[in-house]
Amino acid sequence: MKKTADILCIGSVLWDVIGRSASVMRQGSDVPGRITRLPGGVAMNIAMTLARFGLTPALLTAIGRDAEGDELLAACAARGMITDTIYRSDDLPTDRYMAVEGANGLIAAIADAHSLEAAGAKILRPLTDGTLPAPYAGLVALDGNLTLDLLAEIATGSALAQADLRVAPASPGKAERLTPFLNNNRGTLYVNCEEAGLLCQTSFATAPQAAAALLERGAARVLVTNGGDDAAEGDAEGGVIHATPPQVLVTRVTGAGDTFMAAHIAAESRGANRHAALAQALEAAAIYVSGDTPN
Ligand SMILES: Nc1ncnc2c1ncn2[C@@H]1O[C@H](COP(=O)(O)OP(=O)(O)OP(=O)(O)O)[C@@H](O)[C@H]1O
Ligand SMILES: O=c1[nH]cc([C@@H]2O[C@H](CO)[C@@H](O)[C@H]2O)c(=O)[nH]1
């Protein structure tokens, strides 16, 4: 039986190549370590986490028709995701992200999402070619790896005008690409305090302050996290609410934001109200950062 998608994940699905060393590293270091390759890209990370919360994501992305692409597609299918919505390109290679991590944290990373950017609006074809119900009125998780032009088209166009859009930035360097969602009062933005500051060209001391400022600048709805400090949720009608993350022993933080977002979406899809959804997202993120769940 063909599965129906609970949510569309639109954005980067690529291979992460991560070099890790136990040494403290600086520019120019050449040290022994391990190099691993694993599925990544923000849309894929969100899809993997949504799948852990029991949802079935369909992926809208560009993957090359190369050996790396075939392997990546198989990795998506193995996780129960719907892959026949993926645009396979004959001439564009499968995208890659490369990071180097030392004992002192992330040293540097390069995201090569050129194929996704070059594919442009082709990744959205399933929304209009009969593959998906049109207009699509369900949940959508969208990442900020798409070009500013395509993100603006999604924020203002008809293809996703009825959708429940949940938008995450791809990296601090791409945070400003979410501006069309602020300017057009569209979607729910999931950002941390730093990204909220970048979007508003300022800095915020607390998540409730950041949430209020994003709403003031035109956001329809926002979720703002701030590490171990209070997270906030707000929309124009209901105002801003906030809650404190459970205190846990932190063993990992990379991926905490994706876990928060996926758990929040999953809670709301089960019918949780805003207070319960925020609490459940914080609970799931706490379990994640404490290291009690698999990657
Ligand atoms: N030090 C911490 N103590 C307790 N909970 C934490 C801590 N760091 C993160 N969390 C939990 O994870 C959520 C998201 O964390 P954070 O605000 O750091 O997101 P992020 O910067 O987007 O994460 P990522 O590292 O994935 O980019 C927080 O709201 C909180 O629930
Ligand atoms: O510009 C980007 N930077 C990082 C990511 C992804 O985020 C994760 C690291 O934070 C990693 O999976 C990478 O692929 C991306 O998709 N685009």
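Parameters at a glance
- Residues numbered from 1 in each chain as written.
- Chains lettered and ligands numbered in written order.
- Predicted model: local features only at pLDDT ≥ 70, side-chain atom pairs only at ≥ 80, totals over all residues.
- Heavy atoms only, no water.
- Pairing = 2+ DSSP bridges.
- Helix = DSSP H or I, 4+ residues; strand = E, 2+ residues; numbered from the N terminus.
- Axes fitted to C-alpha atoms, helices over the stretch in contact; angles between N-to-C directions.
- Near = heavy atom within 4 Å.
- Polar contact = N/O pair within 3.5 Å; in protein donor to acceptor, adjacent residues only side chain to side chain.
- Areas by Shrake-Rupley, 256 points an atom, 1.4 Å probe, with all protein chains shown as cover.
- Nonpolar A, V, L, I, M, F, W, Y, C, P; charged D, E, K, R; others polar.
- Contact = heavy atoms within 4.5 Å.

The name given to the protein in an unreviewed UniProt entry is Pseudouridine kinase, with the source organism recorded as Pseudosulfitobacter pseudonitzschiae.

> Go over the sheet that holds strand β3 (residues 34–40) with me, naming the residues and quoting the values.
If you trace the 4 strands from one edge of the open sheet to the other, you get β3-β2-β7-β8, paired in mixed fashion. Of all strands in the sheet, those with a lone pairing partner are β3 and β8 (105–112), marking the two edges. Across the sheet, the mean angle from the axis of one strand to that of its neighbour is 15°, orientation sign disregarded.

> Please set out the site of ligand 2 residue by residue, giving values where relevant.
The full set close to ligand 2 counts 13 residues, and Asp-16, Gly-41, Asn-45, Asn-145 and Lys-174 are the nearest of them. The contact in question runs from an oxygen atom of ligand 2 to an N or O atom on the side chain of Asn-45, over 2.8 Å. Within the side chain of Asn-145, one N or O atom sits 2.8 Å away from a nitrogen atom of ligand 2. A total of 380 Å² of accessible area belongs to ligand 2 in isolation, and the protein chains cover 82% of it. Elements with a minimum of two residues in the shell around ligand 2: β2 (14–20) and α1 (42–52). Here the shell around ligand 2 is composed, by residue class, of 5 nonpolar, 6 polar and 2 charged.

> Describe the sheet that holds strand β4 (residues 57–60), with residues and values.
With respect to topology, 8 strands assemble into an open sheet ordered β4-β1-β9-β10-β11-β12-β13-β14, the strand pairing being mixed. Both edges of this open sheet fall to β4 and β14 (239–243), since each of them pairs with a single strand only. Geometrically, the sheet is characterised by an average inter-axis angle of 20° between neighbouring strands, direction not taken into account. When strand β9 (residues 139–143) meets strand β10 (residues 164–168), the two strands line up parallel, connected through 5 bridges. Within the sheet, the bridge partner assigned to Val-140 lies in β10 and is Leu-165. Here helix α8 (residues 256–269) sits on the sheet in contact with β1 (7–10), β9, β10, β11 (188–192), β12 (221–226) and β13 (229–235), set at roughly 165° to β10.

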